[in-house]
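Coordinate analysis (summary)
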Amino acid sequence: MKSRRLTFYLLREGVDRFEDALDSEKLEHSDRIDTVDGVDGCFVFNKPRQSTPPWVSFVQPILTEQLDGVRSASASALLLLRSCDRIFAVTFGFGRTYLNLSKVEYQFGLRVALNVIDPQQIRSLDTKTFEDLVVSTNTQVSKSAELPTFGVDISRDILRSVTGQPRDNLIATRIAGADSLVMSLKTEVAELPKLCGQLLDLYKSESYKADFGWIDQLALVRDQEAISALDELLVKQLRTESAATTHLAMPEPISWEDIDGFTVAGTGAHLYVDLDLDEYLTRLGAAKNEITLAKLKSRGVSVRFGRSGFEDKRWSLYQCLVSEQRTGGQLCVLIEGRWFIVDDSLLEEVDHFLDAVQDSRVNLIPARRGEAESDYNKRLAQSSPETLLNLDAKIKRPGGASSGIEFCDVLSDSGDLIHIKRKSRSSTLSHLFAQGIVSATTFLNDGYFRGQVRNSIENDTGAGDRQNWLNIVPGDDQQVERMRYWVTFAVIANSNRQGRDWLPFFSKLNLMQHGRNLRNLGFGVAISRIPIEN
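What you see as residue numbers is a count from 1 along each chain, following the sequence as written. For a predicted model such as this one, the threshold for reporting local features is a pLDDT of at least 70, and the threshold for listing and counting side-chain atom pairs is 80 or more; totals across whole chains, interfaces and linings nevertheless cover every residue. Side-chain descriptors were evaluated using all non-hydrogen atoms of the structure, hydrogens and water having been removed beforehand.

**Focus on the sheet that holds strand S15 (residues 311–316)**
A strand pair is defined by DSSP finding two or more bridges across the two strands. Runs of E in the DSSP output that reach at least two residues are strands. Runs of H or I that reach at least four are helices, and both are numbered from the N terminus. A sheet is described by the order of its strands in space; here three strands give the open sequence S13-S14-S15, paired in antiparallel fashion. A strand with exactly one partner marks an edge of an open sheet, and here the two such strands are strand S13 (259–264) and S15. Averaged over all pairs of adjacent strands, the angle between strand axes in this sheet comes to 25 degrees, irrespective of strand direction. In this structure, strand S14 (residues 300–305) lies alongside S15, joined through five bridges in antiparallel fashion. Looking at the pairing, Ser302 lines up with Lys313 of S15. Every axis in this analysis is a line fitted to C-alpha atoms, fitted for helices over the stretch in contact. Angles between the N-to-C directions lie between 0 and 180 degrees.

If you want it as structure tokens, here you go:
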């Protein structure tokens, strides 16, 4: 029997009719066939229509003959099956576009895969790091390996998919799981309902916790009243443009090489180069006052492909929202269309670390409304020219590196490497924290880089105080006295929140990771909020 690659989805509990599992818009342009007696299901497909590829009109002007008769066609299908009182979907081609993706069970394939994969036989992992910027990482190995090989940081990385070899090859020789489950196996179509029942048992199993229990740091919110309260809070913030801890992000990785951009229902044919919440709300204009939960869940976000011009409605707008909300003393996050409660132990770990981080040792003057970062940096240095030196935009390239690194924005005579960033919904702190660790590591290990920084100091300072500043930066043949230096993150932001709660949780989590690394290098770590004055 030939091995066949099949993709399975599990529909959420409460989806009892096949019609409820389907996207009503796509259903209007498809055909449906019922299954034979003994198999409870239906088959949805489209009859392929031939069309002229868009590249034909592009190359035709330089050809001596007409490209008549050049046509392409694609077919997609979806098989829905009922097994153990749950509905499963098996997709073919672009068949998943027929599904109402808001009705798909979250992490079905991932849970099944983690319950059957040998933890020493992993081939690839997809992780996400959530902050005000979502970083998706796919890590593959040349041959199966254990989890530590992939460099996963279980304190902040969220596992989205895994591929590996099952302990028992009777199920499949290889399995990949995310929301969907992909398997290569030898089976007859009539055996699929029985197989779906086995997959449901594996989904419900908790054996994954022995090796992958850390994936439960985010617990799914199941109480409908709590979900409704969180949604209501989010909608209110979007209407008033006060969603400071909310942004848009793709729920899954895509292949960027063939992507022109995105379209969002409700804003016409406008092509978004990136999914940006500010741009979307601006496009809505006064219509943002009419945002409702129903509209967020029904308005589609489509990917436009460059080569074909085809638009694939991948997600709802609600699925693309990433939001943090505090309610009832708990921190909840909206990720990929579902609300999660952040584990209390993780919250305590992050807050404990942040409580121990000092404020800046340097007096940071308030920023002005609308002031550019570069202007603030210049003004800060001028506020105390004897003790502060502006090094903003002095990009230096380490020895052998292909790109440059900024040492810091402002340097103090006490060895404070101050990195400054204005925080807004359309800008991120990810770059700020990464800049701090990369700069400190390079400063510590690369004498050529330190020499370049010294050259900048010699060129930009007067003869009277030049040597004082050169004493702060050791030469390429000198040792760095690590304990002398502090990496200070300074964020320009208005907030009435107490303590460090002006930072979004995932930003705090990211800062904890970078802060620990800096301390391991021997540097002090500080963070301060720079207020904005009118």
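**Here we look at the nonpolar core**
One recurring pattern in soluble globular proteins is that nonpolar side chains are buried together. Nonpolar core, defined: a set of buried Ala, Val, Leu, Ile, Met, Phe, Trp, Tyr and Cys residues in which side-chain atoms within 4.5 Å join the residues together. Under the scheme applied here, a residue whose accessible area is under 20% of the maximum for its type counts as buried, over 50% as exposed, and between as partly exposed, the area being computed with a 1.4 Å probe on protein chains only. Phe407, Leu411, Phe489 and Phe505 are the most contacted members of the largest nonpolar core, which totals 53 residues. The biggest single contributor to this core is helix H14 (residues 505–521), with seven residues. Leaving out residues up to four positions away in the same chain, Leu411 has contacts with Thr387, Leu388, Leu389, Leu391, Asp416, Leu417, Trp469, Ile472 and Val473. Val90, Val112, Leu114 and Ala172 belong to the second-largest nonpolar core, a separate cluster that totals 37 residues. In what follows, a contact means two residues having at least one pair of non-hydrogen atoms within 4.5 Å.

**Describing unusual backbone geometry**
Notably, Cys84 is not glycine yet its phi reads approximately 55 degrees, a positive angle. Among the structural elements, Cys84 can be located in the loop between strand S4 (77–83) and strand S5 (86–92). The phi dihedral of Glu241 is positive, around 55 degrees, even though this residue is not glycine. Overall, Glu241 belongs to the partly exposed group, its relative accessible area being 38%.

**Side note on the environment of Ile259**
Relative to the helices and strands, Ile259 resides in strand S13. Look at Ile259 and you get buried, because its relative accessible area is 14%. The spatial distance from the C-alpha of Ile259 to the C-alpha of Ile215 is 31 Å, given a sequence separation of 44 residues. Dropping the residues within four chain positions of it, Ile259 is found in contact with Ile254, Val303, Arg304 and Phe305.

**Some thoughts on the packing of aromatic side chains**
Between 30 and 60 degrees the pair is tilted, below 30 it is stacked and above 60 it is edge-to-face, where a pair is any two Phe, Tyr or Trp rings, Trp via its six-membered ring, whose centres lie within 6.5 Å. Evaluation of the coordinates by the stated rule reveals ten aromatic pairs. Between Phe407 and Phe449 the ring centres are 6.2 Å apart and the planes differ by 70 degrees, which places this aromatic pair in the edge-to-face class. Here Phe449 lies in helix H12 (residues 447–460) and Phe407 lies in the loop between strand S22 (405–406) and strand S23 (410–412), a separation of 42 residues in the sequence. The buried category is assigned to Phe407, whose relative accessible area is 3%. An aromatic cluster is built from Phe407, Phe443, Phe449, Tyr485 and Phe523, whose rings are joined through pairwise contacts. For a lysine, the NZ atom is tested; for an arginine, the CZ atom; a charge sits over a ring if that atom is within 6 Å of the ring centre and within 35 degrees of the ring normal. The ring of Phe18 has Arg82 sitting right over it, with the charged end atom 4.9 Å from the ring centre.

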